[in-house]
Amino acid sequence: MIRKGLLGWKTLRALGWRSLGWYGLYRFGVWTGHYSRLKPPHTPPAARLRPLWQLPDAERLRAVGGDEACRALMEEAEDILAGRVRLYGGERVSLQLTPPLPLRHWTAYEGGRHLSPGVDIKDLWEPARLGWAFVLGRAYRWSGDERFAEAFWRLLEDFDRANPPYLGVNWLSGQEVALRLLALLFAHAVFVSSPHSTPERLSRLTAMVMEHAARIPPTLPYARAQFNNHHLSEALGLYAAGLALEGVPQALRWREQGWRELNRALQRQIAPDGTYCQHSVNYHRLMLHLALMADAFARAEGRRWQALTAQRLRAAAAWLASCLDEVSGRMIHLGHHDGAWILPLAHGGTGDGRPTVQAAGLAFGGGAVLPPGAWDELALWLNLPLPVPGAESRLPASPAIHRLGEKGDWAVLRAARFSSRPAHADALHVEVWHGGVNLLRDAGTFRYNAPAPWDNGLAGALAHNSVIVDGREPMTRAGRFLWLDWDHSWVTAKDETRVTAVREGYLRLGILHQRTLERVDSGRWLITDRLLPYGRRPVRHTFALHFLLPDWHWQVEGEDGVLLEGEGMQVRLRVQARAEPLPGGRNRPLIETRPALQIIRAGEALWGEGEVPPVLGWFSPTYGVREPALTVRWQISALPPLALESEIVVTGTEQE
């Protein structure tokens, strides 16, 4: 009972009274049956939709995107016509719009009730977000092919029949409702002039938008309690519906409430240095996508952001740009990665960060941060001024992203003091990129809803490129998405070639972890981990140093090194341990034992002895996808103070 009470107190401190209060109000609505009595609204006979999107010229779209983008777009659109879709940007799967569940009121599914064992609710929600409508609309605007308009209406009618208003699992989440509403408004703007858009179909679409908008306000307490993208999505859904609906009495209230909630949420959720509250690159991009849509709608209306909101969005744009690899267009995998990609309006797929980085720079950052390219298509859809060829452009730096190096050869050290709950236990995690290849990498997410250990199993410290002590997590895990006893970390020194940071997570074990990332030369990095005694007499601990690398050919070199070869390059890793001086400058004897090396692939040991956690040796590029990778791990039992020096040398690329 004492332990549960302590856990409850820590949870309260982590989430805050405000969030728990809003969540309690939502639970009260569920418990009393208030939400189950809500009915779809009546649509006034005079109601109609006003197109919100200012559509780009088709010739300009083709000129910006280019032939490669055209081929990829038409291939994906043809897949949708054939009944296939790429969920989360992954492999093609059958497009299923009918959930394999009975049609109960959405409240019946609250808390995961009535879901079949092994069903991941995200796999049901993703096609219901209607992301495929953006693909069909984009293809229709590029080509004028009426098959894409006809397919949109056919699929929308299939969805409408299978998911009547407020019945079924696809009405459970206000955020999912809001994202679907935004897709409906995009499709309306693109397809409204098609001969397939009959008055009857447009009338039903207007009613659908109203039904979706009316579903959002009652459960806004839940969105506010989450303190994340739920609140932003639902606020934007209200604002957009209020702008688009004409002849609807509620429209003005929805518009003003949505704009007010959107500004308030962005100001609270984005820190002054640009860090987003969810501590995730993927969710950071989602936040910017929502803000970019709101910005486009507001500019068309002649409305401007509140000054503080504009400041926060400018900092957030720089934050995401600092996470971008300019060679490949991909971004670091920091935090949760659930494959969310709600503005698929440019070539490159969900893994390409350039469209968002460029559009956010143009909208919030004061100008282009990349040279002109196919990634500018998103900015064109958002009615933003495109960069002029030859104009100066460069990625802005963010004070929250501790990055060293240059284009084609760079690394980043993770350090953050948390004011909102962390996503992953990733303090002092390091990523290294070279020649557009992510060498030292973050494992990603894989799945949230799956049997253990895959119930968000890659979020722990074990799967990150850092050090763990005695096999213990540096934070207390209280749920799939909730960490307590936060592992704060902060930078203590930084210059152009070196950054040093410390973390708190293992202070309770009497260990202060300090890490220095240093760029010695092009393609050569040095990571020094100092494990120092803190607050008590030093005792022996087991330290494990973990790195995740691509699934390349490998061989062990000597007793402390590994050579990897792939994609035209070689990567050498070598780790050495040394005893640090004791307090007062007294020297200690050299360490007699070397760190023990393990190489793990897909949860199985290829080299070395010892226990192999099943989550090691995997990489998840997007949600629901899991690929083999190489975990290279060194373990040593020693008395602190101790230093582990890791040298990474990359050779053999064209840049070399």
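Residues numbered from 1 in each chain as written. Predicted model: local features only at pLDDT ≥ 70, side-chain atom pairs only at ≥ 80, totals over all residues. Heavy atoms only, no water.

(A) Region of the structure containing a positive patch on the surface. A contiguous patch of positive charge, built from R18, R260, R264 and R268, is present on the exposed surface. Counting residues per element, the positive patch draws most heavily on helix α10 (residues 251-269), which supplies three residues. With respect to the helices and strands, the residue R268 is situated in helix α10. Note on R268: relative accessible area 38%, which makes it partly exposed. (Patch = residues over 30% accessible without salt bridge, like charges linked within 9 Å, V, L, I, M, F, W, Y side chains within 5 Å. Areas by Shrake-Rupley, 256 points an atom, 1.4 Å probe, with all protein chains shown as cover. Salt bridge = Lys/Arg side-chain N within 4 Å of Asp/Glu carboxyl O. Lys, Arg positive; Asp, Glu negative; His and termini not counted. Charge placed at Lys NZ, Arg CZ, Asp CG, Glu CD. Helix = DSSP H or I, 4+ residues; strand = E, 2+ residues; numbered from the N terminus. Buried < 20%, exposed > 50% of the residue type's maximum accessible area, 1.4 Å probe, protein only.)

(B) Here's a closer look at the packing of aromatic side chains. Enumeration according to the criterion identifies 26 aromatic pairs in this entry. Judged by centre distance (5.8 Å) and plane angle (85 degrees), the rings of W53 and F297 are edge-to-face. Of this pair, W53 sits in the loop between β1 (48-49) and α2 (58-81) while F297 sits in helix α11 (residues 281-301), and the two are 244 residues apart along the sequence. For W53, a relative accessible area of 7% puts it in the buried group. One cation-aromatic arrangement involves R626 over F446; the distance from NZ or CZ to the ring centre is 4.9 Å. (Phe/Tyr/Trp six-rings, centres within 6.5 Å; stacked < 30°, edge-to-face > 60°. Lys NZ or Arg CZ within 6 Å of the ring centre and 35° of its normal.)

(C) Up close: the nonpolar core. Grouped together as the largest cluster of nonpolar side chains are 142 residues, with contacts concentrated most on W53, W132, L136 and F297. When sequence neighbours within four positions are dropped, the list of residues in contact with F297 reads L52, W53, L182, L236, Y239, A240 and L243. L439, M475, F547 and V571 belong to the second-largest nonpolar core, a separate cluster that totals 53 residues. (Core = buried A, V, L, I, M, F, W, Y, C linked by side-chain atoms within 4.5 Å. Contact = heavy atoms within 4.5 Å.)

(D) Geometry of the pairing of strand β6 (residues 409-413). Where burial is concerned, most of β6 is hidden: five out of the five residues are buried. Covered by surrounding structure in β6 are D409, A411 and L413 together with W410 and V412, the residues of both alternating faces. Pairing between strand β5 (residues 402-406) and β6: five bridges, direction antiparallel. Following the sheet pairing, E406 is matched in β6 by D409. From the end of β5 to the start of β6, which pair antiparallel, there are two residues, and G408 there has a positive phi angle of about 90 degrees. In this structure, β6 lies alongside strand β7 (residues 430-434), joined through five bridges in antiparallel fashion. Note that in β7 the partner of D409 across the bridge is H434. (Pairing = 2+ DSSP bridges.)

(E) Spotlight on the pattern of salt bridges. Here the structure, examined in full by the defined rule, presents 43 salt bridges. In this structure, the salt-bridge partner of E75 is R92, at a minimum N-O distance of 2.5 Å. In this pair, E75 is assigned in helix α2 and R92 in strand β3 (residues 92-94), connecting sequence segments 17 residues apart. Of the charged contacts, one joins R92 and D79 as a salt bridge, the two residues approaching to 2.5 Å between their closest N and O atoms. Here the residue R92 occupies a position in strand β3, and D79 occupies one in helix α2, the gap between them amounting to 13 residues. Overall, the relative accessible area of 38% leaves R92 in the partly exposed class. By relative accessible area, D79 is classed as buried at 6%. One salt-bridge network, held together by shared partners, links E75, D79, R84, R86 and R92.

(F) Main features of the environment of G366. As for its position among the elements, G366 is in the loop between α13 (354-365) and α14 (377-381). Along the sequence, G366 and G353 sit 13 residues apart, while their C-alpha atoms lie 18 Å from each other. When neighbours within four sequence positions are excluded, G366 is seen to be in contact with R314 and G361.

(G) Seen up close, α11. Helix length check: α11, at 21 residues, gives a terminal C-alpha distance of 30 Å against a target of 30 Å (1.5 Å per residue), a fit within 8%. Most of α11 is tucked away: 18 of the 21 residues are buried. A positive phi of about 80 degrees marks G302, the residue just after α11. (Expected span 1.5 Å × (residues − 1).)

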